[in-house]
Amino acid sequence: MHKRALVTGITGQDGSYLAEFLLSKGYTVHGLIRRASTFNTGRIEHIYADPHAPEARLFLHYGDLSDSGQMANLIFNIRPDEVYHLAAQSHVRVSFDMPEYTGDSTGLGTTRLLEAIRRSGIKTRYYQASSSEMFGAAPPPQSEKTPFYPRSPYAAAKVYAYWMAVNYREGYGLFACNGILFNHESPRRGETFVTRKVTRAVANMLAGRQKKLYLGNLDAKRDWGFAPEYVEMMWLMLNQDEPDDFVVGTGTSYSIRDLVERAFDYMGVEVEWQGEGREERGLVRSVNPKWRGALSPGNAIIEIDPRYFRPTEVACLQADIGKAREKLSWEPRVTFDELVKIMVDYDVRAAGLAPIGEGISVCQSKGFCYTNHDFSLSEAIREA
Ligand code: NAP
Ligand code: G4F
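Given the structure is predicted, the values throughout are model-derived calculations rather than measurements.

Draft legend 1. Geometry of the site of ligand 2. The immediate surroundings of ligand 2 are formed by 24 residues, with Ser131, Ser132, Tyr154, Arg310 and Glu313 found nearest. Between Ser132 and ligand 2, the recorded distance is 2.6 Å, taken from a side-chain N or O atom to an oxygen atom. Note that an oxygen atom of ligand 2 is positioned 2.8 Å from one of the side-chain N or O atoms of Asn183. Calculation on ligand 2 without its partners gives an accessible area of 710 Å², and the protein chains cover 96% of this total.

And the structure:
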């Protein structure tokens with residue numbers, strides 16, 4: 001009998017990788033998707049099979065975090081062995097524009113799901129997608145023991161959801177785990193998060209389709225890892241003897257400025273910075289002659305747009321991964337430099353240019369399959 005998992009947020013970056021991973025482990029996967037007037041299943045199309053087919057193990061169900069009735073219905077009827085709660089309004093900058101909605105979906109949505117589990121009386125294991133944003137202004141490195149100091153409506157909603165998961169564990173004996181994940185990225189990262197925004201800009205500029213990249217705070221530092229590795233940790237947490245909370249990150253931290261420099265540098269474009277504050281600009285210092293048609297030395301390619309500033313910023317996130325190392329034998333496999341190369345390779349190819357290929361090689365050599373779709377684990381699924 002296949003184990004059954006319910007994944008909320010299956011159409012997102014993490015949900016899509018997690019679904020692939022669980023299918024590769026022989027699970028039947030049920031995913032919650034939102035009804036939209038446009039397709040929102042692009043990240044999971046390659047693993048979707050006709051549900052009428054006897055071999056189908058991926059099933060999608062309409063629902064929304066605001067709809068407690070549908071959550072109760074799904075929990076009661078699917079009776080999942082494991083629930084991975086990944087759905088959320090996950091954009092920090094947007095949460096300042098939509099604080100109430102963010103609280104309702106990211107915060108209360110969690111309570112609705114936890115209540116559906118409690119009231120159904122089923123025995124299941126529950127993963128809560130907690131975030132390093134909860135640490136906010138707490139100085140790095142941040143561990144499971146670091147007090148939270150949320151700096152955005154998103155982070156405040158995640159702190160609430162974190163404690164709800166802990167309360168259901170302590171109050172009702174639910175096997176609930178918080179994965180406190182630091183930033184993790186991939187070629188499937190949403191285009192408005194800073195890593196993907198930068199790697200797409202590199203590709204589009206070289207393809208002659210974009211002249212400027214507008215960014216906000218260049219000095220903020222983040223602990224960036226590779227998303228496919230992090231979804232494995234979600235599963236690992238739920239498959240321990242006891243429920244517990246874990247910080248997951250790489251233990252290293254880089255600024256947005258570092259990210260920009262490395263992404264361009266990989267493609268042979270050297271960036272230099274001039275000016276200060278809102279007047280700061282990134283210019284091309286030198287460029288591989290191959291790209292001379294698109295970029296020339298002296299071109300101002302990066303400018304600051306205050307629209308991307310946040311009323312309260314998180315200056316530096318850097319994980320202390322001692323507990324995950326010790327109890328889950330966690331060791332991140334993909335470095336920041338490799339992550340940047342993976343994402344640039346993908347976006348360069350998507351822009352119709354030939355990728356350098358070092359990122360692709362990393363994925364192959366470290367066991368992440370590379371397909372024409374993207375960095376996918378789907379070969380592992382076929383073997384399962
Ligand atoms: P993502 O790409 O933004 O995906 C979010 C998912 O939630 C999408 O499937 C989205 O559906 C769904 N969703 C949003 N609002 C919903 C609603 N009201 N009802 C039902 N579904 C809804 O996020 P991600 O990067 O995969 O992150 C997964 C989870 O981990 C999130 O909870 C995020 O806050 C948390 N997290 C992420 C990171 C990170 O660095 N990626 C770090 C720590 C924690 P649509 O596709 O229809 O929009
Ligand atoms: O890529 P970001 O938008 O990610 P952020 O805010 O760190 O949040 C992500 O990671 C969290 C984990 O810590 C998740 F919980 C959350 O769901 C999400 O996945 O911004 C990263 C940094 C920020 O300091 C931001 O101010 O980049 C800075 N930044 C500078 N210019 C920019 C931009 N961010 C965005 N999105 N766009 C810019 O133009």
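Okay, back to it.
Draft legend 2. Spatial organisation of the sheet that holds strand β15 (residues 300–304). Taken in spatial order, the four strands of this open sheet run β8-β15-β14-β13, and their pairing is mixed. Looking along the sheet, the strands with just one partner apiece sit at the ends: β8 (213–215) and β13 (269–274). Averaged over all pairs of adjacent strands, the angle between their axes in this sheet comes to 25°, without regard to strand direction. Of the strands in this sheet, β8, β13 and β15 are in contact with helix α6 (residues 194–206), which crosses β8 at around 160°. Sheet strands touched by helix α8 (residues 256–266): β8, β13 and β15. Its angle to β13, the strand with the most contacts, is close to 150°.

Draft legend 3. Examining the pattern of salt bridges more closely. Under the criterion given, the structure shown has 25 salt bridges. Of the charged contacts, one joins Arg118 and Glu115 as a salt bridge, the two residues approaching to 2.7 Å between their closest N and O atoms. Taken together, the residues span about one helical turn, with Arg118 and Glu115 both in helix α4 (residues 99–120) at a distance of three residues. Judged by relative accessible area, which is 15%, Glu115 ranks as buried. In this structure, Glu358 and Lys341 form a salt bridge, with 2.7 Å as the shortest nitrogen-oxygen distance. Taken together, the residues span a long stretch of sequence, with Glu358 in helix α11 (residues 358–365) and Lys341 in helix α10 (residues 336–350) at a distance of 17 residues. Take Glu358: its relative accessible area is 39%, and that puts it in the partly exposed class. Taking relative accessible area as the criterion, Lys341 reaches 25% and is therefore assigned partly exposed. Residues joined by salt bridges that share partners form a network here, namely Glu115, Arg118 and Arg119.

Draft legend 4. Local environment of the nonpolar core. Among the nonpolar cores identified, the biggest contains 48 residues, and Leu22, Val29, Tyr84, Tyr127 and Met237 are the most heavily contacted of them. Of the residues forming this core, the biggest block, eight residues, is contributed by helix α7 (residues 227–238). In this view, Val29 contacts Ala5, Val7, Ile10, Ala19, Leu22, Leu23, Arg57, Leu58 and Phe59; residues no more than four positions away in its chain are not counted. Ranked by size, the runner-up nonpolar core spans 40 residues in total, among them Phe226, Tyr266, Val271 and Ile301.

Draft legend 5. Structural detail: the sheet that holds strand β5 (residues 125–131). The parallel open sheet is built from seven strands, whose spatial order is β3-β2-β1-β4-β5-β6-β11. Each end of this open sheet is capped by a strand with a single partner; those strands are β3 (58–62) and β11 (246–248). Across the sheet, the mean angle from the axis of one strand to that of its neighbour is 20°, orientation sign disregarded. By the bridge criterion, three bridges tie strand β6 (residues 175–181) to β11 in an arrangement that is parallel.

Draft legend 6. Expanded view of the confidence of the model for the chain. Averaged over every residue, the pLDDT of the chain is 94; the share at 70 or more is 96%. Per-residue pLDDT stays below 50 along residues 378–384; that stretch engages in twelve contacts with residues further than four places along the chain or on separate chains.

Draft legend 7. Summary view of the side chain of Ser130. Note on placement: Ser130 falls in strand β5. In this structure Ser130 comes out as buried when scored by relative accessible area, which is 5%. At 2.7 Å, the side chain of Ser130 and the side chain of Asn178 are in polar contact. Leaving out residues up to four positions away in the same chain, Ser130 has contacts with Tyr162, Asn178, Gly179, Ile180 and Leu181.

Draft legend 8. Local environment of the packing of aromatic side chains. One pass over the structure, following the stated rule, counts ten aromatic pairs. When the centroid spacing of 6.0 Å and the interplanar angle of 35° are considered together, the rings of Phe135 and Phe182 count as tilted. Taken as a pair, Phe135 in the loop between β5 and α5 (153–172) and Phe182 in the loop between β6 and β7 (184–185) lie far apart in primary sequence, 47 residues in all. We classify Phe135 as buried; its relative accessible area is 0%. Using a relative accessible area of 1% as the deciding quantity, one classes Phe182 as buried. Taken together, the aromatic side chains of Phe135, Phe148, Tyr162, Trp163 and Phe182 make up a single cluster linked through ring pairs. Sitting over the ring of Phe76, Arg79 keeps its end group 5.0 Å from the ring centre. Lying over the aromatic face of Tyr172, Arg118 brings its terminal NZ or CZ to 4.9 Å of the ring centre.

Draft legend 9. Highlighting the site of ligand 1. Surrounding ligand 1, one finds 24 residues, the nearest of these being Thr11, Arg34, Leu86, Ser90 and Tyr154. Between ligand 1 and Gln13 there is a distance of 3.1 Å, counted from an oxygen atom to a backbone nitrogen or oxygen. Listing elements by their share of the shell around ligand 1, those giving two or more residues are α1 (13–24), β5 and α5. Considering every element that reaches the shell around ligand 1, the biggest residue donor is β5, with three residues. Taken together, the residues that form the shell around ligand 1 break down as nine nonpolar, ten polar and five charged.

About the thresholds
- Residues numbered from 1 in each chain as written.
- Chains lettered and ligands numbered in written order.
- Predicted model: local features only at pLDDT ≥ 70, side-chain atom pairs only at ≥ 80, totals over all residues.
- Heavy atoms only, no water.
- Near = heavy atom within 4 Å.
- Polar contact = N/O pair within 3.5 Å; in protein donor to acceptor, adjacent residues only side chain to side chain.
- Areas by Shrake-Rupley, 256 points an atom, 1.4 Å probe, with all protein chains shown as cover.
- Pairing = 2+ DSSP bridges.
- Helix = DSSP H or I, 4+ residues; strand = E, 2+ residues; numbered from the N terminus.
- Axes fitted to C-alpha atoms, helices over the stretch in contact; angles between N-to-C directions.
- Contact = heavy atoms within 4.5 Å.
- Salt bridge = Lys/Arg side-chain N within 4 Å of Asp/Glu carboxyl O.
- Buried < 20%, exposed > 50% of the residue type's maximum accessible area, 1.4 Å probe, protein only.
- Core = buried A, V, L, I, M, F, W, Y, C linked by side-chain atoms within 4.5 Å.
- pLDDT = per-residue confidence, 0-100.
- Phe/Tyr/Trp six-rings, centres within 6.5 Å; stacked < 30°, edge-to-face > 60°.
- Lys NZ or Arg CZ within 6 Å of the ring centre and 35° of its normal.
- Nonpolar A, V, L, I, M, F, W, Y, C, P; charged D, E, K, R; others polar.

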